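Listed below, chain by chain, are the residues.
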Amino acid sequence: VENESSRRTDVIGKPNRDGSRDFGLFQINDRYWCSNTNAPGKDCNVTCKQLLSNNIRDSAICAQKIYKRHGFNAWYGWINRCRGKPLPDITSC
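Residues numbered from 1 in each chain as written. Predicted model: local features only at pLDDT ≥ 70, side-chain atom pairs only at ≥ 80, totals over all residues. Heavy atoms only, no water.

As annotated in an unreviewed UniProt entry, the protein chain carries the name Lysozyme and comes from Papilio machaon. Under the UniProt heading Catalytic activity (unreviewed entry), the entry covering the protein chain gives this text: "Hydrolysis of (1->4)-beta-linkages between N-acetylmuramic acid and N-acetyl-D-glucosamine residues in a peptidoglycan and between N-acetyl-D-glucosamine residues in chitodextrins." (UniProt positions renumbered as here; feature names shortened; annotations may be inferred.)

Take a look at the structure:
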């Protein structure tokens, strides 16, 4: 989240090479995961606009689905800045 959206829920990423865009806190891609129409759709059955809300319920559910399929490798922020580095200790959280 830090490396993808700087912890902001309202971020829409610049167009990717394939023309797709990433939305919200987890920078979820509209090519596979969210619909750019007014009707929920694609694999997370949400609109991309729903992923821009401060209520992160839909975003978190979608991010969990993505993680279950692809792990952290679904996020370039993690690949480019975190992969191979120790994760922070969150046991007290």
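(A) Structural context of unusual backbone geometry. For serine 6, which is not a glycine, the phi torsion comes out positive at approximately 55 degrees. Its location among the elements puts serine 6 in the loop between α1 (2-5) and β1 (22-23). (Helix = DSSP H or I, 4+ residues; strand = E, 2+ residues; numbered from the N terminus.)

(B) Highlighting the state of the cysteines. By the definition in use, this model includes 2 disulfides. The disulfide that involves cysteine 34 links it to cysteine 48, with 2.1 Å between the sulfurs. Because the torsion about its S-S bond is 90 degrees, the bridge between cysteine 34 and cysteine 48 counts as right-handed. A residue pair is termed long-range when its members are at least 10 positions apart, and cysteine 34 in the loop between β2 (28-29) and α2 (57-70) and cysteine 48 in the loop between β2 and α2 qualify at 14 residues. Taken individually, cysteine 34 and cysteine 48 each receive the classification buried, so the pair is uniform in this respect. Between cysteine 44 and cysteine 62 runs a disulfide, and the two sulfur atoms are separated by 2.0 Å. When the S-S torsion is 80 degrees, as for the bridge of cysteine 44 with cysteine 62, the disulfide is right-handed. Taken as a pair, cysteine 44 in the loop between β2 and α2 and cysteine 62 in helix α2 lie far apart in primary sequence, 18 residues in all. Each member of the pair, cysteine 44 as well as cysteine 62, carries the same accessibility label: buried. Bonded cysteines in the protein chain are paired 1-3, 2-4 when counted in the order they occur along the chain. (Disulfide = S-S within 2.5 Å. Buried < 20%, exposed > 50% of the residue type's maximum accessible area, 1.4 Å probe, protein only.)

(C) Region of interest: α2. A rise of 1.5 Å per residue sets the reference length of α2, with its 14 residues, at 20 Å; its end C-alpha atoms lie 20 Å apart and thus fit the reference within 8%. Among the residues of α2, Ser59, Cys62, Ala63 and Ile66 are the ones counted as buried. For α2, the buried positions fall inside an angular range of 100 degrees around the axis, keeping them on one side. Residues Arg57 and Lys68 are exposed on α2 and point more than 90 degrees away from its buried face. Each element contacted by the buried residues of α2 is listed here: β2. Trailing α2 by a residue or two, glycine 71 shows a phi angle of about 65 degrees, which is positive. (Expected span 1.5 Å × (residues − 1). Arc of directions from axis to C-beta. Contact = heavy atoms within 4.5 Å.)

(D) How the structure looks around the packing of aromatic side chains. For the structure shown, the criterion picks out 2 aromatic pairs. Geometrically, the ring pair formed by phenylalanine 72 and tryptophan 78 is stacked, given 5.6 Å between the ring centres and 25 degrees between the ring planes. Given the relative accessible area of 36%, phenylalanine 72 is considered partly exposed. Put simply, the rings of Tyr67, Phe72 and Trp78 pair up and form one aromatic cluster. (Phe/Tyr/Trp six-rings, centres within 6.5 Å; stacked < 30°, edge-to-face > 60°.)

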